[in-house]
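# Architecture at a glance
One-letter residues, chain by chain:
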Amino acid sequence: MKLLQDWFMLGISLDNWLHALIAALLSYLLMDLGTRFVIRLVKRRMSVLNRLTKRRIDEVIVGTLVGTKRYLLFLLALLIGLNTLTLPDAIELRLSQAGIVIIGIQVAIWLNRGINMWMEKLIDPEVDPDLRNRATTTTMVFLLRIAAMLTVLLTVLANLGVNITAFVASLGIGGIAIALALQTVLSDLFASLSIGLDKPFEVGDFIVVDDMLGTVEHIGIKTTRLRSLSGEQLIRSNTELLKSAIRNYKRMSERRVLFNFGITHQTPVEQIPELTEAIRRIIDDATPTRFDRAHFVRVGPSSLEFEVVYYLLSREYNVYMDVQQHINLELMKACAERGIVFAHPTTTLHVASGVPSEQHPANITYKSSNAFS
């Protein structure tokens, strides 16, 4: 034992080096076992919270802690062991700075894994079916990751004694320059975030924007893509899209339908109330509909005009067309049963009687009226 005490390295006896090594090994074992214990505890305790909230918080925490690097723990344990020795001030300062760097690297790894795990659960439709915009979520996670990494970097630099004031100022100036250069791109980026958070429409919705109409296929970071009824793809920037009025037909709970038709002037008066009542019965039988009104609204120049309003209790366009076709066919049958004829404009030629054919054609007059079949 005396031989160990008399043997020196850097002015430190060998037994002190052994004590430092033992302290490093114990520190490593405690940190490693502590990490494993926390992981097991989280798996066991957080399962109850997971059942209550339907959020996989325990999986995110466990996935974050799994990112603990053993080689970083080993290096940190060595630094702890070395701190038990009496070393020169310069070496102690460097060891302290090395410890800060190691802790900063591990925290950055934890944050990165935690953000990745959170993103995977966030865009999982089984966890939250309302968050379907993968592009928006990915953008938010990317910005959050940059903010976390910058925070860790600045914290490490500040603890190392670096004056970060000038660095932060340069970042601010550089950020302004980048923002001015990428003004259009950033505008579309934040418009994409606005679409993802506010959700005026989602993938699969049928929307009308100005002269564009179609089904939303993709909501990207810069553009949104629609599939038109004729089959081509329509692309529009997110910024321009949000500046326009958007009509989202998929958000309709019901559709108000108004249509008109006309019958001939020779229709008997007593048949008009019968026709309006027949229209009511037709619409009531054409499910899914809710009758609103049917009226003889005016006497037109070529027809007796009717106006009919009903509500379709479905937002599907194909259902609307099927119901309207059924109503039209039943209306034609009801008019045919009563001898009522639909009016259509024609041109009638009136020729004065008793006028020689060689007489000037000014005696022949033309009159626009309605022809009845």
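Treat the numbers as computed from the prediction; the structure is a model and nothing was measured. (Residues numbered from 1 in each chain as written. Predicted model: local features only at pLDDT ≥ 70, side-chain atom pairs only at ≥ 80, totals over all residues. Heavy atoms only, no water.)

## What about the overall build of the protein chain?
Scanning the protein chain for helices and strands turns up 11 helices and 12 strands. Out of the 373 residues in the protein chain, the part that is buried amounts to 35%. Relative to all contacts within the protein chain whose residues are 6 or more apart in sequence, the contacts with residues 24 or more apart total 61%. With an accessible surface of roughly 23200 Å², the protein chain has 62% of that area assigned to carbon and sulfur atoms. (Helix = DSSP H or I, 4+ residues; strand = E, 2+ residues; numbered from the N terminus. Buried < 20%, exposed > 50% of the residue type's maximum accessible area, 1.4 Å probe, protein only. Contact = heavy atoms within 4.5 Å. Areas by Shrake-Rupley, 256 points an atom, 1.4 Å probe, with all protein chains shown as cover.)

## Thoughts on helix α11 (residues 317-337)
In a regular helix each residue adds 1.5 Å, so 21 residues correspond to 30 Å; α11 covers 30 Å between its end C-alpha atoms and thus fits that length. Residues Tyr320, Val323, Gln324, Ile327, Leu331, Ala334 and Cys335 constitute the buried set of α11. One face of α11 carries all of its buried residues, which in axial projection span an arc of 105°. Of the residues in α11, the exposed ones pointing more than 90 degrees away from the buried face are Asn318, Asp322, Gln325, Ala336 and Glu337. Considering only its buried residues, α11 is in contact with β8 (255-263), α10 (271-285), β9 (289-299) and β10 (304-312). Following α11 by one or two positions, Gly339 has its phi on the positive side, about 70°. (Expected span 1.5 Å × (residues − 1). Arc of directions from axis to C-beta.)

## Quick look at the pattern of salt bridges
Across all of its chains, the model carries 14 salt bridges by this definition. Between Arg251 and Asp205 there is a salt bridge whose closest N-O contact spans 3.6 Å. Note that Arg251 is positioned in the loop between β7 (246-248) and β8 and Asp205 in the loop between α8 (183-198) and β3 (206-209), a separation of 46 residues in sequence. One salt bridge in this structure joins Arg290 and Glu254, with 3.1 Å as the shortest N-O distance. (Salt bridge = Lys/Arg side-chain N within 4 Å of Asp/Glu carboxyl O.)

## A word on a nonpolar patch on the surface
The grouping of Phe142, Leu143, Ile146, Leu150 and Leu153 at the surface amounts to a nonpolar patch, some 400 Å² of accessible area in total. Relative to the elements of secondary structure, Ile146 occurs in helix α6 (residues 134-159). Residue classification places Ile146 among the partly exposed residues on the basis of a relative accessible area of 36%. (Patch = residues over 30% accessible without salt bridge, like charges linked within 9 Å, V, L, I, M, F, W, Y side chains within 5 Å.)

## A closer look at the packing of aromatic side chains
Evaluation of the coordinates by the stated rule reveals seven aromatic pairs. Aromatic side chains Tyr28 and Phe74 sit 6.1 Å apart centroid to centroid with 80° between the ring planes, which places their arrangement in the edge-to-face category. Of the two residues, Tyr28 sits in helix α2 (residues 14-53) while Phe74 sits in helix α4 (residues 70-83), which places them 46 residues apart along the sequence. Looking at Phe74, the relative accessible area reads 40%, which means it is partly exposed. Taken together, a centroid distance of 6.4 Å and an interplanar angle of 70° make the contact between Phe259 and Tyr310 edge-to-face. Of this pair, Phe259 sits in strand β8 while Tyr310 is found in strand β10, placing the two residues 51 residues apart along the sequence. Tyr310 shares its class with Phe259; the two are buried. Members of the aromatic cluster, connected to one another through ring pairs, are Phe261, Phe296, Phe306 and Phe342. (Phe/Tyr/Trp six-rings, centres within 6.5 Å; stacked < 30°, edge-to-face > 60°.)

## Some points on the confidence of the model for the protein chain
Taken as a whole, the protein chain shows an average pLDDT of 78; of its residues, 75% reach a score of 70 or greater. Of all the helices and strands in the protein chain, strand β12 (residues 365-371) carries the lowest mean pLDDT, 42, while β10 carries the highest, 95. In this model, residues 127-132 is a region of pLDDT below 50 whose contacts with residues beyond four sequence positions or in other chains number 10 contacts. Here residues 360-373 scores under 50 on pLDDT; set against residues more than four positions off or in separate chains, the count is 30 contacts. (pLDDT = per-residue confidence, 0-100.)

## Considerations on the sheet that holds β10
One open sheet accounts for three strands, arranged β8-β10-β9; its pairing is antiparallel. Here the strands that pair on one side only, and so sit at the sheet edges, are β8 and β9. Across the sheet, the mean angle from the axis of one strand to that of its neighbour is 15°, orientation sign disregarded. The pairing of β9 with β10 spans nine bridges and is antiparallel. By the bridge assignment for β10, Val299 is matched with Leu304. In the packing of α11 onto the sheet, contacts are made with β8, β9 and β10, and the angle to β8 comes to roughly 25°. (Pairing = 2+ DSSP bridges. Axes fitted to C-alpha atoms, helices over the stretch in contact; angles between N-to-C directions.)

## What about the environment of Ile221?
As for its position among the elements, Ile221 is in the loop between β4 (212-219) and β5 (223-227). For the pair formed by Ile221 and Ser192, sequence separation is 29 residues and the distance between their alpha carbons is 5.5 Å.

## Side note on the sheet that holds β3
Reading across the sheet, the five strands line up as β6-β5-β4-β3-β7 and stay open at both edges, with antiparallel pairing between neighbours. Both edges of this open sheet fall to β6 (233-237) and β7, since each of them pairs with a single strand only. Strand-to-strand twist of the sheet, defined as the mean angle between neighbouring strand axes without regard to direction, takes the value 40°. The pairing of β5 with β6 spans five bridges and is antiparallel. When the bridges of β6 are listed, Arg227 appears paired with Gln233.

## Quick look at the nonpolar core
The biggest cluster of nonpolar side chains holds 25 residues, and the ones touching the most others in it are Phe261, Leu275, Ile279, Tyr310 and Ile327. For this core, the secondary-structure elements that each account for two or more residues are β8, α10, β9, β10 and α11. (Core = buried A, V, L, I, M, F, W, Y, C linked by side-chain atoms within 4.5 Å.)

## Overview of unusual backbone geometry
The amide bond that connects Thr287 to the next residue, Pro288, takes the cis arrangement and shows omega of 0°. Relative to the helices and strands, Pro288 resides in the loop between α10 and β9. Residue Asp210 is not a glycine yet carries a positive backbone phi of 55°. With respect to the element layout, Asp210 can be found in the loop between β3 and β4.

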